[in-house]
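Examining the three-dimensional arrangement
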Amino acid sequence: MSASLVLRSNVSRAIARRAALPSVSQVRYASQDPNAYVPGGPVLRGTVNDATTFPPPSRAAGSYHWAFEKILSAALVPMTAAAFVTGGTQHPVLDGILGLSLIVHSHFGFDQILIDYVHKRKYPTIAPIATWSVRAATVAAAVGVFQFNTNDIGLTELIAKVWTA
């Protein structure tokens with residue numbers, strides 16, 4: 001008796017599949033109307049539903065960049081301690097390297113915020129403006145730190161004076 005139930009269920013499934021198949025193909029191919037119903041939902045092109053295009057893989061933009069960010073972040077700890085122990089006046093090169101490293105570290109952080117939250121595809125006009133604003137601010141900060149280190153007391157001495165004030 002159980003074999004007859006299995007046979008009946010397989011036969012009824014095959015018949016149901018053959019009966020349903022022409023209706024699906026008729027819906028899909030019967031009309032050339034772009035607004036016609038398509039099983040599985042419409043596929044809209046040129047919207048946020050499109051798949052993200054990925055850039056070609058590059059070690060310079062991927063793992064090397066990530067490794068450089070992590071090495072720079074880890075190097076800032078002993079570099080900051082060494083700059084304050086030795087004093088910026090006696091070792092201006094160390095003070096300059098510390099200032100440049102802080103600027104590059106900050107640039108990487110702000111650039112990553114823009115990549116994560118102000119995506120070019122979602123904000124096509126604001127994203128390039130924000131990216132170039134961060135780049136301009138980085139250049140301005142680098143020029144400012146260079147001027148401050150060469151023409152004034154330097155970054156390390158300034159922070160030491162602020163802490164003792």
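Every chain's residues receive numbers from 1 upward, in the order its sequence appears when written. Reporting in this predicted model follows two pLDDT cut-offs: at least 70 for local features of residues, and 80 or more for side-chain atom pairs to be given and counted; totals over whole chains, interfaces and linings ignore these cut-offs and use all residues. Here the side-chain values reflect all heavy atoms present in the structure, with hydrogen atoms and water set aside.

An unreviewed UniProt entry lists the protein chain under the name Succinate dehydrogenase [ubiquinone] cytochrome b small subunit, from Coprinopsis cinerea. Reading the Sequence similarities (unreviewed entry) entry of the UniProt record for the protein chain gives the comment "Belongs to the CybS family." UniProt positions are given in the numbering used here, feature names are shortened, and annotations may be inferred rather than shown by experiment.

**Let's talk about helix α2 (residues 63–86)**
Secondary structure is summarised from DSSP: a helix means a run of H or I of at least four residues, a strand means a run of E of at least two, and numbering begins at the N terminus for each. In this analysis, the expected span of each helix is defined as 1.5 Å times one less than the number of residues it contains. Its 24 residues place the ends of α2 34 Å apart at the C-alpha level, agreeing with the 34 Å of an ideal helix rising 1.5 Å per residue. What is called the bend at a residue is the angle between a pair of axes, fitted to the seven residues leading up to and ending at it and to the seven starting from it. When the local axis directions of α2 are compared, the greatest deviation, roughly 30°, occurs at Leu76, which is followed within four positions by the proline Pro78. Every buried residue belonging to α2 is among Glu69, Leu72, Leu76, Met79 and Ala83, and all of these are buried. Residue contacts follow a heavy-atom distance rule, with two residues in contact if any of their heavy atoms lie within 4.5 Å. The elements touched by buried residues of α2 are α3 (92–117) and α5 (155–164). Looking at the residues trailing α2, positive phi occurs at Gly87, about 85°. Three exposure classes are used, based on accessible area relative to the maximum for each residue type with a 1.4 Å probe and protein chains only: buried under 20%, partly exposed in between, and exposed over 50%.

**Re the UniProt feature "binding site: a ubiquinone" (unreviewed entry) in the protein chain**
Residues given the UniProt feature "binding site: a ubiquinone" (unreviewed entry) here are Tyr117. Assignment of secondary structure puts Tyr117 in helix α3.

**Digging into the UniProt feature "binding site: heme b" (unreviewed entry) in the protein chain**
UniProt's feature table lists "binding site: heme b" (unreviewed entry) at His105, given in the numbering used throughout. What His105 contacts, discounting residues up to four positions off in sequence, is Leu72, Ser73 and Leu76.

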